[in-house]
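For reference, the chains in residue letters:
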Amino acid sequence: MEHGIVLKPEVLGYIGFLPVTNTLLVSWIVMFILLVVSIFATWRLKLVPSGLQNFMEMIIEGGYNIVSDIAGNRTKVFFPFVFTFFLYIIFANWIGLLPGFTTITFHGEPILRSMSSDLNMTLGLALLSAVVTHIFAIKYLGLWDYLKRWVSFNPIFLFVGVLEIVAEFTKLLSLSFRLFGNIFAGEVVLATIAGIFAFVLPLPFYFLEIVVGFVQAAVFMMLTLVFMVLLTEKHEAEH
Amino acid sequence: MEKILSEFGVQPVLLAAQVVNFLILLFILKKFLYGPILKVLQKRKDVIAESLRNAEEIEKKLKVANEEADKIIAKALEEAKKILDDSNKTGAQILADTNTAAEEILQKAKEESSKFIEFERIKLNQEVRENIGRLVFVAFEKITGKILTEEDKKKLTEKSLKNLS
């Protein structure tokens, strides 16, 4: 199989004007799975938890503690966003490792493809992360203080403001390309290794990809969180 | 830029689709996962804090109750001791009383018996005197061969009694 190195996601069909790519399909599957897991975990919440509730509590409490260590009193607002990034990305990454991905084809196109191996998906998340961060910044600082970060009458700070604006776009690129690059490269590596010898040999790479999937989800979450915290903090540099 | 983006297959509609995906997922997770679970975590925290507080209170109460119980026991012991002392005292009193009563009774009995003995003795004395008198009469009659009259008898009796006493 020599299809691994295709940057564009394959389009399976169209719903109206929306091209349904294999990555978009996977993102819907991930959403559905997360919905089902959430509903099952909180179906009958008990004060003495067991099974899935216990497991999800562990994950959410851990995430909440990490977020509250960094975000402090803004945890309640930031947590749902950053943790949804985490859960969405980690589920998408790990589901992409299941057998059948990129191998089951439909009219010559693979039906399933790891969500993050499509720049559309990662860039979409990065854009949303940036926009939400700026909305939070306006919410916490007020419009005037928010603008003061970028525009200033002092030429030096004006220059710094321009640099900051450039940095915002860099963030966007780094967030999206980091996630995309890691997962896409992982896909390519797995396809190549499986092409060389499909038995046992890919196993270590699968372990590696499991770790990478977790790390990338955590990195995306932590970076978004840090950007949110940084932008919503009143900066004292101008005094 | 355009070329790079088209090479990666970036389409605005797909970006928008992903944004919508994320927002839907955010809503779902907030409603079904974060909300309920964070609530239940908070509730559990409250329950644990409350039960700890309750346990502390119970311990405090237990301590007070123990102290009270100790006090009551000490009091009861004291009372029991008092009762024992009292009963000992009364017992001794009763014993003493009975002793004196018994002594009195004994004394009385002694007196009665001595009186009785005295009476008996007097009676015996009288009898002896009578008998002696008769004996004297008989002996006198035998010796003298004279029958005594009443007057003689009287004289003789008095005489011999004088001699006797």
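Quick caveat: nothing in here was measured; it's all calculated off a predicted structure.

## Some points on the side chain of A:Thr133
Assignment of secondary structure puts A:Thr133 in helix 4 (residues 119-141). Contact partners of A:Thr133, with chain neighbours within four places excluded, come to A:Phe227, A:Met228 and A:Leu231.

## Here's the deal with the side chain of A:Thr42
Note on placement: A:Thr42 falls in the loop between helix 1 (22-41) and helix 2 (51-71). Setting aside chain neighbours within four positions, we find A:Thr42 in contact with B:Phe32, B:Leu33, B:Pro36 and B:Ile37.

## Concerning the UniProt feature "transmembrane region" (unreviewed entry) in chain A
Residue and element names in this part refer to chain A. Under the UniProt annotation, the feature "transmembrane region" (unreviewed entry) is placed at residues 12-41, 77-98, 119-138, 150-167, 179-200 and 206-231. For the annotated span residues 119-138, helix accounts for 100% and strand for 0% of the residues, and the straight-line distance between the end C-alpha atoms is 28 Å. Summarising residues 206-231: 100% helix, 0% strand, and an end-to-end C-alpha distance of 37 Å.

## Section: the pairing of strand 1 (residues 11-15) of chain A
Residue and element names in this part refer to chain A. Sheet topology places strand 1 next to strand 2 (residues 18-21); four bridges connect them, and they run antiparallel. Looking at strand 2, one finds that Val-11 is bridged to Thr-21. Connecting strand 1 to the antiparallel partner strand 2 that follows it, the hairpin turn spans two residues, and Gly-16 within it adopts a positive phi of roughly 60°.

## So, helix 2 of chain A
Side chains that are three or four residues apart share a direction in an α-helix, a result of its 3.6 residues per turn. For helix 2 of chain A, spanning 21 residues, the distance from its first C-alpha to its last is 30 Å, which sits close to the expected 30 Å at 1.5 Å a residue. Where helix 2 of chain A is buried, its residues meet helix 1, helix 3 (75-95) and helix 7 (203-232) of chain A together with helix 2 (12-144) of chain B. Just downstream of helix 2 of chain A lies A:Gly72, where phi reads positive at about 60°.

## Details of helix 3 of chain A
Between its first and last C-alpha, helix 3 of chain A extends 29 Å over 21 residues, near the 30 Å set by a 1.5 Å rise per residue. With respect to burial, helix 3 of chain A is a largely interior element, 17 of its 21 residues being buried.

## Regarding the interface of chain B and chain A
Where interface size is quoted, it is often the accessible area lost as the parts come together. In this complex, chain B contributes 32 residues to the contact, which on the side of chain A involves 47 residues. In total, about 3700 Å² of surface goes out of reach between chain B and chain A, with carbon and sulfur atoms giving 80% of it. Sorting the residues of chain B by area buried against chain A places B:Phe8, B:Gln18 and B:Phe22 first, and these three jointly supply 19% of that buried surface. Run the count over chain B and chain A and you get one salt bridge. Put simply, A:Glu57 and B:Arg44 hold a salt bridge, and the shortest N to O gap is 2.9 Å. Our enumeration of links across chain B and chain A arrives at nine residue pairs in polar contact (both at pLDDT 80 or more). At 26 residues, helix 2 of chain B tops the list of elements feeding residues into the side of chain B that touches chain A. Of the residues contributing to the side of chain B that touches chain A, the split by class is 23 nonpolar, five polar and four charged.

## Overview of the packing of aromatic side chains
One pair of aromatic rings is described through two measures. These are the centre distance and the angle between the planes. Within the structure shown, the criterion is met by 18 aromatic pairs over all chains. Relative to B:Phe22, the ring of A:Tyr88 lies with its centre 6.5 Å away and its plane at 45°, an arrangement referred to as tilted. Within this pair, whereas A:Tyr88 is found in helix 3, its partner B:Phe22 is found in helix 2, the two belonging to separate chains. Using a relative accessible area of 0% as the deciding quantity, one classes A:Tyr88 as buried. Classification of B:Phe22 by relative accessible area gives buried; the value is 0%. Ring geometry for A:Tyr146 against A:Trp150: centres 5.9 Å apart, planes inclined by 75°, an arrangement best described as edge-to-face. Here A:Tyr146 and A:Trp150 have matching classes, each one buried. Members of the aromatic cluster, joined through ring pairs, are A:Tyr64, A:Phe79, A:Phe83, A:Phe86, A:Phe214 and B:Tyr34. The ring of A:Phe227 has A:Lys171 sitting right over it, with the charged end atom 4.1 Å from the ring centre.

## Some thoughts on the environment of B:Lys30
As for its position among the elements, B:Lys30 is in helix 2. For B:Lys30, a relative accessible area of 43% corresponds to the partly exposed category. Along the backbone, B:Lys30 and B:Glu104 are 74 residues apart, and their C-alpha atoms lie at a distance of 106 Å. In this structure, B:Lys30 is in contact with A:Pro80, B:Gly35 and B:Pro36, ignoring residues within four places of it in sequence.

Procedures and definitions
- Residues numbered from 1 in each chain as written.
- Chains lettered and ligands numbered in written order.
- Predicted model: local features only at pLDDT ≥ 70, side-chain atom pairs only at ≥ 80, totals over all residues.
- Heavy atoms only, no water.
- Helix = DSSP H or I, 4+ residues; strand = E, 2+ residues; numbered from the N terminus.
- Contact = heavy atoms within 4.5 Å.
- UniProt positions renumbered as here; feature names shortened; annotations may be inferred.
- Pairing = 2+ DSSP bridges.
- Expected span 1.5 Å × (residues − 1).
- Buried < 20%, exposed > 50% of the residue type's maximum accessible area, 1.4 Å probe, protein only.
- Buried area = accessible area lost by both parts, 1.4 Å probe.
- Salt bridge = Lys/Arg side-chain N within 4 Å of Asp/Glu carboxyl O.
- Polar contact = N/O pair within 3.5 Å; in protein donor to acceptor, adjacent residues only side chain to side chain.
- Nonpolar A, V, L, I, M, F, W, Y, C, P; charged D, E, K, R; others polar.
- Phe/Tyr/Trp six-rings, centres within 6.5 Å; stacked < 30°, edge-to-face > 60°.
- Lys NZ or Arg CZ within 6 Å of the ring centre and 35° of its normal.

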